[in-house]
Amino acid sequence: MRTIATSRTIAAPPARVFDIFSDLRTAPQRVRSIIRMEVLTDGPIGRGTRVRDTRKLFGKEATANMEIIDFQPGRSLTFLTHEGGMRYTTRFTFAPEGAGTRAEVHFTIEALTFTAKLCSPLMALMSGMMRKCFQADFADLQAAAEGEGGRVATSPGPAAAQPT
């Protein structure tokens, strides 16, 4: 199992930052790497919500099906994804820091199948790139949380990782 973590301080209150991060229906307008975010379940976003996330990842289009497995309004949001014999758990946390918010992500990768376990050493090589992808997503979300309109530029940005 491998965990990648990064964080960012955002000059907005935790409730606003959480609301921006958890508004999955408008994510493509806020995060440049997201091409489409399809909410597959009815009702408000929360525990049990399933989404299909299509984004530009390392120069290619990648799609992942994710489920929210933990949803603590204003505090945390956790996604679970199963793809290619791997389990990806992505936990975002939001805590007050000064007049703003400390946003953190912990992305855990666990190989479940024999083939995935054989490929696991490649994930170690990609850790730095994945961290940069999360940092790019955080930068876009920071701009949305700190900006008046809550949107980022729609020009192509750096590749970003799945919020899974």
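Residues numbered from 1 in each chain as written. Predicted model: local features only at pLDDT ≥ 70, side-chain atom pairs only at ≥ 80, totals over all residues. Heavy atoms only, no water.

Asker: What am I meant to see in the overall build of the chain here?
Answerer: Along its length, the chain carries three helices and seven strands. Starting at the N terminus and ending at the C terminus, the chain contains elements arranged as β-α-α-β-β-β-β-β-β-α. Burial statistics for the chain: of 164 residues in total, 45% are counted as buried. Of the roughly 8200 Å² of accessible surface on the chain, a fraction of 53% belongs to carbon and sulfur atoms. (Helix = DSSP H or I, 4+ residues; strand = E, 2+ residues; numbered from the N terminus. Buried < 20%, exposed > 50% of the residue type's maximum accessible area, 1.4 Å probe, protein only. Areas by Shrake-Rupley, 256 points an atom, 1.4 Å probe, with all protein chains shown as cover.)

Asker: Help me out: how do you make sense of the pattern of salt bridges in this one?
Answerer: Any two side chains of opposite charge can pair, so long as their charged atoms come close to each other. Within this structure, the stated rule accounts for nine salt bridges. A salt bridge links D137 to R55, with the shortest nitrogen-to-oxygen separation between them at 3.0 Å. Placement of D137 in helix α3 (residues 114–146) and of R55 in strand β3 (residues 50–57) is noted, with a sequence separation of 82 residues between them. A relative accessible area of 7% places D137 in the buried class. Here R91 ties to D70 by a salt bridge, and the two come within 3.1 Å at their closest N and O atoms. (Salt bridge = Lys/Arg side-chain N within 4 Å of Asp/Glu carboxyl O.)

Asker: Got a minute to help me understand the pairing of β3 in this structure?
Answerer: Consecutive residues of a regular strand have side chains that alternate between opposite faces of the sheet. Strand direction decides the pairing type here: strand β2 (residues 34–39) and β3, joined by five bridges, are antiparallel. Paired with I34 across the bridge in β3 is R55. Connecting the antiparallel pair β3 and strand β4 (residues 60–72) is a turn made up of two residues, with F58 showing a positive phi of about 55°. (Pairing = 2+ DSSP bridges.)

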